[in-house]
Amino acid sequence: MEPTQVAGFNQFYDDIEGTGAWHYGVAADQKFSESLFGGVALSRRDLRVPVVLTDATVFPPQTTLLTRAWREFLVRPYLFWAFHKRLAASAVYQYERFERSADSVNFGLKAATTHEVPLGLRYFDPTGVSLGVKTTYVKQSGEFTRAGMCCESGRTDFWLVDAGITYRLPKRYGFIAVGAANLFDRRFQYQGTDFNNPTFIPGRSVFARLTLALQ
């Protein structure tokens, strides 16, 4: 299995075949006290993307292979606070900016700026049960495709709540988890940047997960 992260930065992207990319990143972690941790990560990707343009005004139609420049930016500061032996809180801010050329839109957007603020609280019980709740504020604006045409300006903002319960198996053999994302079934318009791994779904979803640690 190839590594999908190097020095904490994601290296797995579902780019168009033939894309060349430079990825720049810098990050810092800091322990402020025995219970408070924080850090910040910044990354940038410069892409050269192959684009096929078709001229349908002639017969037979002629195609031309061009290269377009795309850019992606990400800033992510975060704090984790274990303020009680059974309670821990987290606060994250994520800024993401995607820029595409008008003749090479992808993921349904030409440009998009997204702000995400997830705030979480988790309770850990000595029995191995832990309860978690997370509320996330999302604000997005940009230029998006509509009915396959480019482009239309749009913006949205909304709050989501996720909740779940986890049980740690004896002798650290793994975890059993059940939970719900978008607990209150909130409907919204949001353009994700990864079709294979959507971050937010406009509807409630329930999940169960079993994680085993084989030794």
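The text that follows walks through the structure, step by step, so that each part is easy to find. (Residues numbered from 1 in each chain as written. Predicted model: local features only at pLDDT ≥ 70, side-chain atom pairs only at ≥ 80, totals over all residues. Heavy atoms only, no water.)

## A closer look at the overall build of the protein chain
Condition: Put simply, DSSP H or I for four residues or longer makes a helix, DSSP E for two residues or longer makes a strand, and each gets a number counted from the N terminus. Buried residues are those whose accessible area, probed at 1.4 Å on protein chains only, stays under 20% of the maximum for their type, while exposed residues exceed 50% and partly exposed ones sit between those limits. Only heavy atoms enter the contact rule, under which two residues are in contact if any of them lie within 4.5 Å.
The helix and strand tally for the protein chain stands at zero helices and 12 strands. Counting from the amino terminus, the protein chain carries its helices and strands in the arrangement β-β-β-β-β-β-β-β-β-β-β-β. Here the protein chain, with 215 residues, has 25% of them falling under the buried criterion. Within the protein chain, contacts between residues separated by at least 24 positions form 50% of all contacts whose residues are at least 6 apart in sequence.

## Observations concerning the pattern of salt bridges
What counts, and what does not: Any Lys or Arg side-chain nitrogen located within 4 Å of an Asp or Glu carboxyl oxygen qualifies as a salt bridge.
For the coordinates displayed, the defined rule picks out eight salt bridges. Across the pair Glu-72 and Arg-45 runs a salt bridge, and its minimum N-O distance is 3.1 Å. Pair noted here: Glu-72 is in strand E5 (residues 62–84) and Arg-45 is in strand E4 (residues 36–55), with a separation of 27 residues, a long-range link. Look at Glu-72 and you get buried, because its relative accessible area is 9%. Of the charged contacts, one joins Lys-110 and Glu-143 as a salt bridge, the two residues approaching to 4.0 Å between their closest N and O atoms. One end of the pair, Lys-110, is in strand E8 (residues 109–124); the other, Glu-143, is in strand E9 (residues 129–146), with 33 residues separating them in the sequence. Residue classification places Lys-110 among the partly exposed positions, given a relative accessible area of 22%. What you see here is one network of salt bridges that share partners, running through Arg-45, Glu-72 and Arg-100.

## Digging into the environment of Leu-169
With respect to the helices, strands and loops of the structure, Leu-169 is situated in the loop between strand E10 (149–168) and strand E11 (174–181). Every residue in contact with Leu-169, bar those within four places of it in the chain, is listed here: Gly-174, Phe-175, Ile-176, Leu-210 and Leu-212.

## Regarding the nonpolar core
The cut-off we apply is this: Put simply, buried Ala, Val, Leu, Ile, Met, Phe, Trp, Tyr and Cys residues joined by side-chain atoms within 4.5 Å make one nonpolar core.
Counting residues in each nonpolar core, the largest one holds six residues, listed as Val-138, Phe-158, Leu-160, Phe-188, Tyr-190 and Phe-200. Not counting residues within four places of it along the chain, the set of residues in contact with Phe-200 comprises Glu-116, Thr-136, Val-138, Leu-160, Phe-188 and Tyr-190.

## Side note on the packing of aromatic side chains
Quick reminder of the rule: For this analysis, a ring pair means two rings from Phe, Tyr or Trp (six-membered ring only for Trp) whose centres lie within 6.5 Å, classed as stacked if their planes differ by under 30 degrees, edge-to-face if by over 60, and tilted for the remaining angles.
A complete count under the given rule lists eight aromatic pairs for this structure. Ring centres of Phe-158 and Phe-188 lie 4.0 Å apart, and the angle between their planes is 15°; this geometry places the pair in the stacked category. Of the two residues, Phe-158 sits in strand E10 while Phe-188 sits in the loop between E11 and strand E12 (205–212), which places them 30 residues apart along the sequence. Judged by relative accessible area, which is 2%, Phe-158 ranks as buried. The class for Phe-188 is buried, based on a relative accessible area of 12%. A centroid spacing of 6.2 Å and a plane angle of 85° characterise the contact between Phe-158 and Tyr-190, whose relative ring orientation is edge-to-face. Taken as a pair, Phe-158 in strand E10 and Tyr-190 in the loop between E11 and E12 lie far apart in primary sequence, 32 residues in all.

## Regarding the side chain of Glu-116
Note the following rule: Here the positive residues are Lys and Arg and the negative ones are Asp and Glu; neither His nor the chain ends is included.
Along the chain, Glu-116 turns up in strand E8. One buried charged residue, Glu-116, remains without a salt bridge, the closest side chain of opposite sign being Arg-76 at 7.5 Å. Among residues more than four places away in sequence, those in contact with Glu-116 are Val-92, Tyr-93, Gln-94, Tyr-137, Val-138, Tyr-190 and Phe-200.

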